[in-house]
Amino acid sequence: MQSEQTMRVALLEDEPIQMQLMVATLETFSEADHEAINCSQFTDGESLRTALLTDPFDLVILDWNFNRTNGLDLVRWMRERGGGNDQEKALAELPVIVVSARSTAGDSAAALAGGADDYIAKPFRRGELLGRVQQLMSLVPRKQIRFHRPT
């Protein structure tokens, strides 16, 4: 990835400390690799859902359990959008990492079966989050990654 590109990441987390840790981790990665990462922070599913319909993102990282919405319901909603216009098709293919305090093998299997591309149990390790973001983004075909040049 080139340094003039900005990767847009939507983060959905209702715990402020967890949100701060994810943002700090991704910003550290951004500075180390000279690649800009723009983190848009959301604390509820409805605001993220609205943003996903209007704003282009390259990756979504969301908590499974948060106030009033189930993260897997949001992932399923995204995946079901594939039959619409180009924007909805892109939304259906958008990479998603679920981060959750649920930590059994059944939980990770349920998240993956529900449409998530990856799963990380809390408390997450910084290196694990970065490694999974890097790995997932390397698997996405270039045409699907919607990078934005800074204005």
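Before reading further, recall that the structure is shown in the block above.
Residues numbered from 1 in each chain as written. Predicted model: local features only at pLDDT ≥ 70, side-chain atom pairs only at ≥ 80, totals over all residues. Heavy atoms only, no water.

Focus: the overall build of the protein chain
Stage number 1. Of the regular secondary structure elements, the protein chain holds six helices and seven strands.
Stage number 2. Going residue by residue from the N terminus, the α and β elements of the protein chain occur as β-α-β-α-β-β-β-α-α-β-α-β-α.
Stage number 3. Counting across all 151 residues of the protein chain, residues that qualify as buried make up 47%.
Stage number 4. Taking contacts inside the protein chain between residues at least 6 apart in sequence as the whole, the part at least 24 apart equals 66%. (Helix = DSSP H or I, 4+ residues; strand = E, 2+ residues; numbered from the N terminus. Buried < 20%, exposed > 50% of the residue type's maximum accessible area, 1.4 Å probe, protein only. Contact = heavy atoms within 4.5 Å.)

A few points about helix α2 (residues 45–54)
Three or four residues apart is the spacing at which side chains of an α-helix point the same way, because the helix has 3.6 residues per turn.
Stage number 1. Turning to α2, its buried residues number three or more, namely G45, L48, R49, A51 and L52. Across the axial projection of α2, the buried residues extend over an arc of 165°, all falling on one side.
Stage number 2. Sitting at the head of α2, D44 places a side-chain oxygen 3.2 Å from the backbone nitrogen of E46. (Arc of directions from axis to C-beta. Polar contact = N/O pair within 3.5 Å; in protein donor to acceptor, adjacent residues only side chain to side chain.)

Focus: the pattern of salt bridges
Stage number 1. According to the stated counting rule, one finds nine salt bridges in the structure shown.
Stage number 2. For E128, the salt bridge is made with R125, and the minimal N-O distance between the two is 3.4 Å.
Stage number 3. For R132, the salt bridge goes to E128, with nearest N and O atoms at 3.1 Å. With R132 and E128 both in helix α6 (residues 126–139) and four residues apart, this pair spans about one turn of that helix.
Stage number 4. Given a relative accessible area of 27%, R132 falls into the partly exposed group.
Stage number 5. It is possible to trace a salt-bridge network through shared partners that takes in E13, E15, D63 and K122. (Salt bridge = Lys/Arg side-chain N within 4 Å of Asp/Glu carboxyl O.)

That is the geometry; function is a separate question.
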